[in-house]
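These are the residues of each chain, in order.
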Amino acid sequence: HIEIGMGKGQFLHTMAKLNPEINYVGIEMYSSVLLRAIQKMEQDVVPNLKFICIDAKEVAEVFGNGEVDQIYLNFSDPWPKDRHARRRLTSSEFLARYDQFLAKNGRLEFKTDNVGLFDFSLEEINNSEVWHIDVHTYDLHEDPMLNFGNVMTEYEEKFSSKGNPICKLIASR
């Protein structure tokens, strides 16, 4: 399982501790942010968690065909300007990259508080000939099915404490 744009790594660290039989890889392009995750790991070692410092554009060069069972995208940069839509981690270009290494029965999970980015993501997936939406909600914490077993990220804790609803989708091919 991989998280692209893992930030300080709270989500992935928790997931790895809860699921010691699964290998987790956190991907972060900013070394200063990745350093915080590394420091946390030094205090609380989790053997099934590793980190890579790369740009998400290069992720398909790291993993082999069918090597990844699950992709997590949590509170990704929304790149709000239309001219930057290609940079969004749920754009058709990134979906094509994920298709190169995601296992046949693999899934993509995406959470955000940004409704505009969420709508864009739903549209990109729905317009894809390969991907489809399995389930989605505009209010994760009020959805008993999707919220069951939810591991919150730092941003999710921050935004939901302010009363912002969290959007979540699960997609597969």
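Everything here concerns the structure above.
Definitions and cut-offs
Residues numbered from 1 in each chain as written. Predicted model: local features only at pLDDT ≥ 70, side-chain atom pairs only at ≥ 80, totals over all residues. Heavy atoms only, no water. Buried < 20%, exposed > 50% of the residue type's maximum accessible area, 1.4 Å probe, protein only. Helix = DSSP H or I, 4+ residues; strand = E, 2+ residues; numbered from the N terminus. Pairing = 2+ DSSP bridges. Axes fitted to C-alpha atoms, helices over the stretch in contact; angles between N-to-C directions. Salt bridge = Lys/Arg side-chain N within 4 Å of Asp/Glu carboxyl O. Core = buried A, V, L, I, M, F, W, Y, C linked by side-chain atoms within 4.5 Å. Contact = heavy atoms within 4.5 Å.

A word on the pairing of strand β5 (residues 102–112). Working note: regular strand, side chains alternate between the two faces of the sheet. Most of β5 sits inside the fold, with 8 of its 11 residues counted as buried. Pairing of strand β4 (residues 68–74) with β5 involves 6 bridges; the strand directions are parallel. Bridge pairing in β5 links Val 68 to Leu 102. Here β5 runs beside strand β7 (residues 167–172); their pairing, made up of 6 bridges, is antiparallel. Directly across from Arg 107, in β7, lies its bridge partner Ser 172.

Taken in spatial order, the 7 strands of this open sheet run β3-β2-β1-β4-β5-β7-β6, and their pairing is mixed. Each edge of the open sheet carries a strand with a single partner, namely β3 (49–52) and β6 (132–137). Between one strand axis and the next, the sheet turns by 20° as a mean value, whatever way the strands run.

Applying the stated rule across the entire model yields 7 salt bridges. Residue Glu 109 pairs with Arg 107 through a salt bridge whose shortest N-O separation is 2.6 Å. Take Arg 107: its relative accessible area is 31%, and that puts it in the partly exposed class. For Lys 111, the salt bridge is made with Glu 156, and the minimal N-O distance between the two is 2.6 Å. One end of the pair, Lys 111, is in strand β5; the other, Glu 156, is in helix α7 (residues 154–161), and 45 residues separate them in sequence. Each member of the pair, Lys 111 as well as Glu 156, is classed as buried.

Moving on, we come to the nonpolar core. Membership of the largest hydrophobic core comes to 31 residues, with the highest contact counts inside it found for Ile 2, Ile 4, Ile 71, Tyr 98 and Phe 101. Contributions of two or more residues to this core are made by β1 (2–4), β2 (24–27), α3 (59–62), β4, α4 (92–101), β5, α5 (115–127) and β7. At 5 residues, α5 tops the list of elements feeding residues into this core. Other than its neighbours up to four places away in sequence, Tyr 98 contacts Ile 4, Val 59, Ile 71, Leu 73, Leu 89, Leu 108 and Trp 131. Judged by nonpolar contacts, the second largest core, of 10 residues, contains Met 15, Ala 16, Leu 49 and Tyr 72.

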